[in-house]
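Coordinate analysis (summary)
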Amino acid sequence: GQDVQALIKATELAIEKPATAEAMLASSFRNQLEARVVALTVGTVVAAIELDTAAGALTAVITARSARRLKLAAGDRVVGVVKATEVAIARQPRR
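Reading the values: the criteria
- Residues numbered from 1 in each chain as written.
- Predicted model: local features only at pLDDT ≥ 70, side-chain atom pairs only at ≥ 80, totals over all residues.
- Heavy atoms only, no water.
- Helix = DSSP H or I, 4+ residues; strand = E, 2+ residues; numbered from the N terminus.
- Buried < 20%, exposed > 50% of the residue type's maximum accessible area, 1.4 Å probe, protein only.
- Contact = heavy atoms within 4.5 Å.
- pLDDT = per-residue confidence, 0-100.
- Polar contact = N/O pair within 3.5 Å; in protein donor to acceptor, adjacent residues only side chain to side chain.
- Salt bridge = Lys/Arg side-chain N within 4 Å of Asp/Glu carboxyl O.

1. Some thoughts on the overall build of the chain
A tally of helices and strands in the chain yields 1 helix and 7 strands. Listing every helix and strand of the chain by position from the N terminus yields β-β-β-β-β-α-β-β. Classification of the 95 residues of the chain by burial places 23% in the buried group. By sequence separation, contacts in the chain at least 24 residues apart represent 63% of the contacts at least 6 residues apart.

If you want it as structure tokens, here you go:
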């Protein structure tokens, strides 16, 4: 086999803030990444949410309105979700 890397555009990564762990399963999104909010920058229109996941660091760009509605804060546990059609796979160079 060969190592690959999943590439996800920040604008294609949505954020969910489930009330319970079971809520994570009730979604049509197959690609769900449990995450912790590391930092967020909320602008007038968009917010950049930096996440720490088991797969590594990710950034989600969502609307500022959504960030306020979710009441996101550093340390919050969230789920990053992305449609399978929005994940690109890149081959890693052979070592």
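2. Considering the confidence of the model for the chain
Of the residues in the chain, 87% have a pLDDT of 70 or more, and the chain-wide mean is 86. By mean pLDDT, strand β1 (residues 4–8) is the weakest element of the chain at 84, and strand β4 (residues 46–53) is the strongest at 96.

3. Notes on the side chain of Thr53
With respect to the element layout, Thr53 can be found in strand β4. A distance of 3.0 Å separates the side chain of Thr53 from the backbone nitrogen of Ala55, its partner in a polar contact. Those residues within four positions of Thr53 in sequence are excluded, and the remaining contacts are Leu33, Glu34, Ala35 and Leu58.

4. Quick notes on the environment of Glu12
Examined against the element boundaries, Glu12 turns out to sit in the loop between β1 and β2 (14–16). You can call Glu12 partly exposed: its relative accessible area is 31%. Once the C-alpha coordinates of Glu12 and Ala60 are considered, the two residues, 48 residues apart in sequence, prove to be 7.5 Å apart. Each residue touching Glu12, except ones within four places of it in the same chain, is listed here: Val81, Val82 and Glu86.

5. Some details on the pattern of salt bridges
Within this structure, the stated rule accounts for 2 salt bridges. Measuring nitrogen to oxygen at the nearest pair gives 3.1 Å for the salt bridge that ties Asp76 to Lys17. Placement of Asp76 in the loop between α1 (64–70) and β6 (77–82) and of Lys17 in the loop between β2 and β3 (31–42) is noted, with a sequence separation of 59 residues between them. Taking the relative accessible area as the measure of exposure, Asp76 reaches 17% and is therefore buried. Accessibility expressed as a relative area gives 35% for Lys17, which makes it partly exposed. When the shortest N-O distance is used, the salt bridge between Asp52 and Arg36 registers 3.9 Å.

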